[in-house]
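# What the coordinates show
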Amino acid sequence: MGYTEYRKYYSKKITNNANDIQKEQDKRDVQEAQIVDKIIFGMLIIILAILPLITRLKVTYFISPLISQNPNLGSSTVGDVFTYYKFIFLIFTTSILLILFLYRTFGIGIPIKKSIINLPLAFLSLFVTLSAVFAPYKSLALVGMYNRHEGAITYLCYFTLLFIASNLTYTKKMLHKIIYALYPLAIVNAVLGLLGFYGIELINNSFIRALLFPSDIQEESITAGSNFITTINHGNYVSGISAVLITIFLMMFILDKNKIRQALNGFMAILTFAMLLSSLSRSGFLTFVIILPILAILLVRSIEKLKSYSKLAIQLTAFAIIFVVMASNNPKVWDESIGMFISNNPFVKEEQASRISLQAAQVEMFNQNNKLNNSIININGYKTFVLDQLNKKEFVSKVYAETNDETNETFPLPKLPEPGVGPGSGRLFIWENTLELVKQRPLMGYGLDTFVFHFPQYDPDKIANIETHTVIVDKPHNLYINILYGSGVLALLALLALFGIFFVKGLKRIFTQKLDHEEAIVFISLFIGWLAYLVQALFNDSVIGTAPVFWVVFGTVIALVEINKEKVH
């Protein structure tokens, strides 16, 4: 970036009448600002490329705010593979970035940009901070659960990344580096996912074990059947971020005129689509189905429309081939994608279908037989088997309570619902209960990442919606409801304002500029990826392995909108 570009954002009193000494000082300051900005940008690239990959076991003693016999709710020694070191890395890098940015602003004199997002971001940061201050479990609301680390500190780091990224000025080369920085996340998790999909267990490899586990961890401590198939917690999150990356790489492949970058991004789009399918989770595929028509509409702005739509058709054909190959190996690929719309799975062979039906019938018969002999009561999370008063071997449907007059009275046991899966894989049940909680603390919420200790874990309806009462619900599976629960109504309104204002500004830029230069092409690619993240957030939570990617990209596209606004003026 040249000297004149930086002077545009330089706030010191520079006049044509300034003496030579002052002009020389100004020039040195601008050159120093360039160096600082290069360091800031380099650290943002490191966050994009490295943070999602950090994976290693950390054993700690978790002090729970509750006294509980349930190991998932009580105090105990716990292990976390996916979030602890990401959390430490995030705090460390964000702290350095903040120090550099403050020096850039107050030491050198580069002003903070007057941005469309400053006001809603300030309010959002304030409400998240207040929610932690007034949370019932304050320390937990600050740091988050030991296996998530998505408390107020983490969110304030996200907002800092957004603010700093939005205040930089980007060259074409810098914009392409942001795209390249997304490659490691896609490549590593695609390879891990595909190896796991085809039954290759990396966890047995001594090198992989050395990376994941400290040397003092005993072999028997590793749960049997464990496998290393992702660096970001769970297949749901792999699926969600896959949809985001697919749309970015796909748009870059279609619009970029550089042949090498075309080939790279085309390959990355195909690889990331395979990563999505290997996750065996629906959220990403549903997001892609929703975003694809929007992407097709935005291609109307392309200079070479016929060529752009032809490239889109080529990529979709490649996706279809990948889909057939993977679904032929595992029919569940169909069930977790197209199966949402068409239940009849053509990849399940007749003998497989018969065997599955027979197994299901056997399981149902077993369950029915056991219903005659067992009554299981769930009281405060404990499984209580009720023996009758005569010490018979079979269980009965009544229990007895002692009364003061030494007479026994009987009362029927509660009838538990049949195991099942509710709408949205139980999400609707979770959302309804979360909204009931919000009614009790609508303004400040309960504190971020404290969900597990406030959700009605012993509601019998869990059985009908999440198959079993033993599942501990620790998140709402929706980013927006999570903010509403954790930080209150005002925080959610600030978040929606932040997204809504930029969405309008971004669309305005897209439909007022031709896609005839690299900056516009990268902008629309990152914009469609940003939009895909917001869609998948309807079904998924924020997670420390992928959220920093979103907030840095968000800051970048905001900066590009602001630059375009200045050009127009």
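Since this is a predicted model, take the numbers as computed values, not measurements.

Rules used in this analysis
Within every chain, residues take consecutive numbers counted from 1 along the sequence as written. Given that the model is predicted, a residue must reach a pLDDT of at least 70 before its local features are reported, and side-chain atom pairs must reach 80 or more before they are shown or counted; all residues, however, enter totals for whole chains, interfaces and linings. Computation of side-chain values covers all heavy atoms of the structure but excludes hydrogens and water. The rule is simple: put a 1 Å grid over the protein atoms alone, call a set of points where a 1.4 Å probe fits but cannot get out a cavity, call an open set with protein on both sides within 12 Å along at least five of seven lines a pocket, and count a residue as lining if it has an atom within 4 Å of a point. Grid points are joined across faces, edges and corners, and a volume is the space filled by probe spheres set on the points. Labels follow the DSSP assignment, with helices taken as runs of H or I lasting at least four residues and strands as runs of E lasting at least two, numbered in each case from the N terminus. When residues are sorted by character, Ala, Val, Leu, Ile, Met, Phe, Trp, Tyr, Cys and Pro go into the nonpolar class, Asp, Glu, Lys and Arg into the charged class, and all the rest, Gly among them, into the polar class. By convention in these notes, a salt bridge is any Lys or Arg side-chain nitrogen within 4 Å of a carboxyl oxygen on Asp or Glu. Each residue gets one of three labels from its accessible area relative to the maximum for its type: buried under 20%, exposed over 50%, partly exposed in between, using a 1.4 Å probe on protein chains only. Geometry is summarised by axes, namely lines fitted to C-alpha atoms with helices restricted to the contacting stretch, and by angles between N-to-C directions that run from 0 to 180 degrees. Helix crossings are classified by the rotation of the near helix relative to the far one: an anticlockwise turn of less than a right angle makes the crossing left-handed, while a clockwise turn makes it right-handed. Contacts are residue-level and defined by heavy atoms, with any inter-residue pair within 4.5 Å sufficient. A pair of Phe, Tyr and Trp rings is counted when the ring centres sit within 6.5 Å of each other, with Trp represented by its six-membered ring. The angle between the planes then sorts it: under 30 degrees is stacked, over 60 is edge-to-face, the rest tilted. Each helix should span, by expectation, one fewer than its residue count multiplied by 1.5 Å. For our purposes a nonpolar core is just a set of buried Ala, Val, Leu, Ile, Met, Phe, Trp, Tyr and Cys residues, chained together by side-chain atoms within 4.5 Å. Throughout this description, a polar contact denotes any pair of N or O atoms lying within 3.5 Å of each other; where both atoms belong to protein, one of them has to be capable of donating a hydrogen while the other can accept it, and for residues adjacent in sequence the pair is counted only when both atoms sit in side chains.

Inspection of every chain in the model, using the stated rule, returns three cavities of 30 Å³ or more. Of the volumes computed, that of the largest cavity is approximately 70 Å³. Looking at the largest cavity, the residues that line it are Leu182, Ile241, Val244, Leu245, Ile248, Gly529, Trp530, Tyr533, Val549, Phe550 and Val553. At the level of elements, α10 (235-255), α20 (518-536) and α21 (547-568) are the ones that each hand at least two residues to the lining of the largest cavity. With four residues, the single largest contributor to the lining of the largest cavity is α10. When grouped by side-chain class, the residues that make up the lining of the largest cavity number 10 nonpolar, one polar and no charged. Of the voids in this model, the second largest cavity is the one considered here, and its volume is about 40 Å³. In terms of lining, the second largest cavity is formed by Leu276, Leu277, Leu280, Ser281, Val333, Glu336 and Ser337.

Right, let's get into the pattern of salt bridges. Applying the stated rule across the entire model yields eight salt bridges. The closest approach of N and O atoms between Asp37 and Arg104, which form a salt bridge, is 2.5 Å. Separated by 67 residues along the polypeptide, Asp37 in helix α2 (residues 20-50) and Arg104 in helix α3 (residues 84-108) bring together distant segments of the chain. Of the residues examined, Arg104 reaches a relative accessible area of 2% and is grouped as buried. The salt bridge partner of Arg282 is Glu336, with a shortest N-O separation of 3.3 Å.

This part takes up the packing of helix α19 (residues 489-510) against α20. Following both chains from N to C, one finds α19 and α20 inclined at 145 degrees, their axes separated by 11 Å at the closest point. For α19 against α20, the interelement crossing comes out left-handed. Here Phe499, Phe502, Phe503, Gly506, Leu507, Arg509 and Ile510 of α19 lie close against α20, whose contacting residues are Glu519, Ala520, Phe523, Ile524, Phe527, Trp530, Leu531 and Leu534. For the contact of α19 with α20, the per-class residue count stands at 12 nonpolar, one polar and two charged.

Right, let's talk about the environment of Val452 for a bit. Residue position: Val452 is located in the loop between α16 (427-438) and α17 (461-466). In this structure Val452 comes out as buried when scored by relative accessible area, which is 3%. For the pair formed by Val452 and Val473, sequence separation is 21 residues and the distance between their alpha carbons is 6.0 Å. Look past the residues within four positions of Val452 in its chain and what remains in contact with it is Leu73, Met145, Gln457, Ile472, Val473 and Asp474.

Glancing now at the layout of surface pockets. Any empty space left between atoms is shown by rolling a water-sized probe over those atoms. Here the second largest pocket is characterised by a volume of approximately 830 Å³. Along the wall of the second largest pocket there are 31 residues; nearest its centre are Asn236, Ser281, Gly424, Ser425 and Arg427. The leading source of residues in the lining of the second largest pocket is α16, at four residues. Its residues assigned to classes, the lining of the second largest pocket shows 13 nonpolar, 11 polar and seven charged.

Our next topic: the packing of aromatic side chains. What the rule picks out here adds up to 40 aromatic pairs. Aromatic side chains Tyr84 and Tyr85 sit 5.0 Å apart centroid to centroid with 85 degrees between the ring planes, which places their arrangement in the edge-to-face category. For Tyr84, a relative accessible area of 23% corresponds to the partly exposed category. Measuring from ring centre to ring centre gives 5.4 Å for Phe159 and Trp551, while their planes differ by 80 degrees; the resulting arrangement is edge-to-face. Taken together, the positions of Phe159 in helix α6 (residues 152-166) and Trp551 in helix α21 put the pair 392 residues apart, joining distant regions of the chain.

Here we take up α6. Helix length check: α6 (15 residues) gives 21 Å between terminal C-alpha atoms against 21 Å at 1.5 Å per residue, within 8%. Across the 15 residues that make up α6, a large majority, 12, are buried. Of the residues making up α6, those classed as buried are Ala152, Thr154, Tyr155, Cys157, Tyr158, Phe159, Thr160, Leu161, Leu162, Ile164, Ala165 and Ser166.

Ranked by internal contacts, the top residues of the largest apolar core, which has 141 residues, are Tyr170, Phe249, Phe502, Trp551 and Phe554. Apart from residues no more than four positions distant in its own chain, Phe554 is found in contact with Leu162, Leu498, Phe499, Phe502 and Trp530. Membership of the second largest hydrophobic core comes to nine residues, among which are Phe62, Tyr146, Val452 and Ile472.

This paragraph deals with helix α11 (residues 259-278). Taking 1.5 Å as the rise per residue, α11 with 20 residues should run 28 Å; its terminal C-alpha atoms sit 29 Å apart, in good agreement. Taking burial as the measure, the 20 residues of α11 include 14 buried ones, the bulk of the element. For α11, the capping residue at the N-terminal end is Asn258, with a side-chain oxygen 3.0 Å from the backbone nitrogen of Ile260. Just downstream of α11 lies Leu280, where phi reads positive at about 50 degrees.

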